[in-house]
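Topology and contacts: notes
Read off the chains here:
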Amino acid sequence: MSENKKSDKKSNGWFWSKKKETKNVQSTKKSSIWEGATLFAETRPKITMERYRNPTEVQMSQMVQPCHTNHRGELSTGQLLKWIDTAACLSAERHAGCPCVTASVDDIYFEHTISVGQVVSIKAKVNRAFNTSMEVGVQVSCEDICKDEQWIVCKAYATFVTQGKSTKIKLKPLDPQTEEEKTEYSIAAERRRMRLAHTDTIKNLLTRSHVNDDLQNRECNVIVPAEKTRVESVELILPPHANHQGNTFGGQIMEWMENVATIAASRLCNAYPTLKSIEMFHFRGPSQIGDRLVFKAIVNNTFKNSMEVGVCVKAYQHEMEVSERHINSAFMIFVVLNKDNQPHTLPVLKPEPGDGERRFKEASARQKIRLDRKYVVSCKYNEVPLSVPWDQSNKVYLSYNNVTALKTLVAKANWVLASERDKFRMYILEEDKFLSVRIEMTIFCNVKQAFLLLSDLRNRHEWDRHCLSCELVQQVDKDDMIYHVISHTESEEKKPLDFVVLVSQRKPCSPGDPYVLAFRSVTLSSHPAKPQYTRGETLCSGFCFWEETAELTKVSYYHQATSGLLSYITTNVAGLSSSFYRTFQDCDQFLQNNKDKVSVGLLNL
């Protein structure tokens, strides 16, 4: 058999896969694979340059004093929130050049506590500026000076908006320089998309949630009525509570919210709770000096080892004011730890009729989202199976993870040109357990035409000779589809490979952004593995389309190869194998032949 035919048999087109295995790849075998890859990679030169610092970066260091702590001698989470908000605001204003206010703070997960005498280091920088809003990333670390140890406490993403005299000010775009900045810049658009979809995700889950079902699934005989946990508190906004613009300091509001939430959680379990995470803070409006802020907190639901406390903040200017202004809302997750730092089993909450039952069901929905998100994010790339079960409740996070993985790969530096043939170029990137491949070509086609033509995988057989069939099995929404793909390529068991693939597409968020088409395997109950096929998996792959001119588009295909395909990739890097070359040549021809078939209406979307 010729070398070209061998390459064709091993390749399965765009979805180079790792078939499901139970055996681990031996380290000796993996080493030889990397040695093979290195033969085709030029030695990367060492680049020496002055230390670069992001112009929006702000660093804050605080020594934890007794006045900052709670009854356990640990840093109060409310105090930490004040520091986080201060650093983030200073970073936002450094980029905007004008006053900024907190619009929202994404979910925060507290991994460690901080004790008296330890040093808190907070680093904040603007990840991306949109029109009048920007995302600020914050990382909090802790240092034990006596032990010379450091660790990460939490990360946070806050959205700030400009505060002009009469209207919001349009922000200048950000120019990311480092690999980390480019990654955060790209993913910021995905996080923004997820914030906007959060409300709809909750609504969808509520249609399938029932209070009685949740109560019956608990194994605890202690039942606590929700009204026992209700807390109300009022604060008068004085000058020390205001920021440099005269509005109530967002960090101060968050600290007060944490205080009333802790009291509510304590009433449920008659113990001192520990705050583990906070769902998104969303500031709906400002408050000023002289306002009265009313804080209301109540336990919405309890689970086996955790509880959700809802906090609502409203403001009024004077006692005669008819209606209160909604300032903020948040949901906080508490646990109760024993002496061994293990969580207690919590009592069952009996919700109040009406709104109490609504809050109870919404808390269950948010808990489901948290578990789904944790499962998706914690999925180890080097473990089998790579596929994540598909469910309507986790669709937002699977789509986010799908696109984020590809964007992270795109932003990486140190790609090395391995081979070039005609207008096709192949680059490789060696990282730990992966060998990533990027294949690039510039085509005479409008960027929207190229994006729309390759987005529909039902046409894949027309340009990929490895594809036997590609069936659309679920149209999730306008940007996400699930396909069942059957390949001509055979596995070691002499069976055709098949895949269940989530395809997520994104249009540019800002000028200069690429069109994105991301692929990853999912597990779909309606399409289980069948004996006549070998189920393959793709972890991270996809296309990016950049507009070079009105008629020229740069198309890049990315694939992160796992151990099962490393040997194939490394033996075909030199010379851009005929299998790769022919497939991309066919793809280019397909785009040329069909670009005029894309309707004007679709191009204007």
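Residues numbered from 1 in each chain as written. Predicted model: local features only at pLDDT ≥ 70, side-chain atom pairs only at ≥ 80, totals over all residues. Heavy atoms only, no water.

1. What about the overall build of the chain?
What counts here: For helices the rule is a DSSP run of H or I covering at least 4 residues; for strands it is a run of E covering at least 2, with both sets numbered from the N terminus onward. Each residue is placed in one exposure class: buried if its accessible area under a 1.4 Å probe, protein chains only, is under 20% of its type's maximum, exposed if it is over 50%, and partly exposed if it falls in between. Contacts are assigned to residue pairs that have any heavy atoms within 4.5 Å of one another. Every accessible area reported is derived by Shrake-Rupley at a probe size of 1.4 Å, with residue values counting cover from the shown protein chains alone.
Secondary structure assignment for the chain yields twelve helices and 25 strands. Every one of the 605 residues in the chain was classed for burial, and the buried ones make up 55%. Within the chain, contacts between residues at least 6 apart in sequence are counted, and of these 72% link residues at least 24 apart. As displayed, the chain has an accessible area near 28,800 Å², and 50% of this comes from carbon and sulfur atoms.

2. Let's talk about the confidence of the model for the chain
In plain terms, the rule: Within a predicted model, pLDDT stands for the predictor's per-residue confidence, ranging from 0 to 100.
Within the chain, residue pLDDT values average 81, and 80% of them lie at 70 or more. Per-residue pLDDT stays below 50 along residues 1-14; that stretch engages in 39 contacts with residues further than four places along the chain or on separate chains. In the predicted structure, residues 566-576 sits below a pLDDT of 50 and forms 39 contacts with residues beyond four places in sequence or in another chain.

3. Here we look at the packing of aromatic side chains
Filter applied, for reference: Ring geometry is summarised as follows: Phe, Tyr and Trp rings, the Trp one being its six-membered ring, pair when their centres sit within 6.5 Å, and such pairs are stacked at plane angles under 30 degrees, edge-to-face over 60 and tilted between the two.
Taken as a whole and assessed by the stated rule, the structure comprises ten aromatic pairs. Between Trp256 and Phe295, the aromatic rings sit 5.8 Å apart at their centres with planes inclined by 75 degrees, giving edge-to-face as the arrangement. Of the two residues, Trp256 sits in helix 6 (residues 250-269) while Phe295 sits in strand 11 (residues 292-302), which places them 39 residues apart along the sequence. Each of the two residues, Trp256 as well as Phe295, counts as buried. Grouped by ring-pair contacts, the aromatic residues Phe424, Phe451, Tyr515, Phe519, Phe543, Phe545, Tyr557 and Phe584 constitute a single cluster.

4. Brief notes about the environment of Arg192
By the element assignment, Arg192 lies in helix 4 (residues 179-206). Through-space distance from the C-alpha of Arg192 to that of Thr159 is 9.2 Å; in sequence the pair is 33 residues apart. In this structure, Arg192 is in contact with Phe130 and Cys509, ignoring residues within four places of it in sequence.

5. Comments concerning the pairing of strand 11
As a reminder, the rule being used: When DSSP finds two or more bridges between a pair of strands, those strands are recorded as paired.
Among the eleven residues that make up strand 11, nine are buried, leaving the element largely enclosed by the rest of the structure. Of the pairings in the sheet, the one linking strand 8 (residues 231-236) to strand 11 comprises six bridges and is antiparallel in character. Residue pairing for strand 11: Leu236 is matched across the bridge by Arg292. Relative to strand 12 (residues 307-316), strand 11 runs antiparallel, the two sharing ten bridges. Each residue of the ladder has a partner; that of Arg292, found in strand 12, is Tyr316. Linkage of strand 11 to strand 12, two consecutive antiparallel strands, is achieved through a turn of four residues.

6. Side note on the packing of helix 3 (residues 77-96) against helix 6
Definition in use: Fitting a line to C-alpha atoms yields each axis, with helices limited to the stretch in contact; the angle taken between N-to-C directions then spans 0 to 180 degrees. In what follows, roughly perpendicular refers to angles from 65 to 115 degrees, roughly parallel to angles under 35, roughly antiparallel to angles over 145, and oblique to any angle outside these ranges. Crossing handedness: left-handed means the near helix sits turned counterclockwise from the far one by under a right angle, and right-handed means the same turn made clockwise. Classification convention: Asp, Glu, Lys, Arg as charged; Ala, Val, Leu, Ile, Met, Phe, Trp, Tyr, Cys, Pro as nonpolar; all other residues, Gly among them, as polar.
Running from amino to carboxyl end, helix 3 crosses helix 6 at an angle of 165 degrees, the nearest separation of the two axes being 8 Å. With respect to helix 6, the element helix 3 is oriented roughly antiparallel. Between helix 3 and helix 6 lies a crossing whose hand is right-handed. In this structure, helix 3 contributes Thr77, Gly78, Gln79, Leu81, Lys82 and Asp85 to the contact, and helix 6 contributes Gly250, Gly251, Gln252, Met254, Glu255 and Glu258. Tallied by class, residues from the contact of helix 3 with helix 6 come to two nonpolar, six polar and four charged.

7. A word on unusual backbone geometry
Despite not being glycine, Asp148 shows a phi value in the positive range, around 55 degrees. By the secondary structure assignment, Asp148 is in the loop between strand 5 (133-144) and strand 6 (149-162). Exposure remark for Asp148: the relative accessible area of 66% places this residue in the exposed category.

8. Focus on the side chain of Arg191
Here Arg191 lies in helix 4. Setting aside residues no more than four positions away along its own chain, Arg191 makes contact with Asp106, Asn127, Glu135, Tyr157, Glu184 and Tyr400.

9. Section: the pattern of salt bridges
Definition in use: Only one rule defines a salt bridge in this text: a Lys or Arg side-chain nitrogen within 4 Å of an Asp or Glu carboxyl oxygen.
Across all of its chains, the model carries 25 salt bridges by this definition. Between Glu440 and Arg438 there is a salt bridge; the shortest N-O distance is 3.1 Å. For Asp498, the salt bridge is made with Arg535, and the minimal N-O distance between the two is 3.1 Å. Of this pair, Asp498 sits in strand 21 (residues 496-506) while Arg535 sits in strand 23 (residues 534-535), placing them 37 residues apart in sequence. The pair formed by Asp498 and Arg535 is uniform in burial state, with each residue classed as buried. Overlapping salt bridges, with partners in common, bring together Glu135, Glu184 and Arg191 in one network.

10. Notes on helix 6
Defined as follows: The span one expects for a helix is its residue count, reduced by one, times 1.5 Å.
With 20 residues, helix 6 extends 29 Å between its outermost C-alpha atoms, agreeing within 8% with the 28 Å of an ideal straight helix rising 1.5 Å per residue. The buried fraction of helix 6 is high, at 17 of 20 residues. Just downstream of helix 6 lies Asn270, where phi reads positive at about 55 degrees.

11. A closer look at the environment of Lys597
By secondary structure assignment, the location of Lys597 is in the loop between helix 11 (578-594) and helix 12 (600-603). Each C-alpha atom of the pair Lys597 and Gln449 lies 8.8 Å from the other, and the pair is 148 residues apart in sequence.

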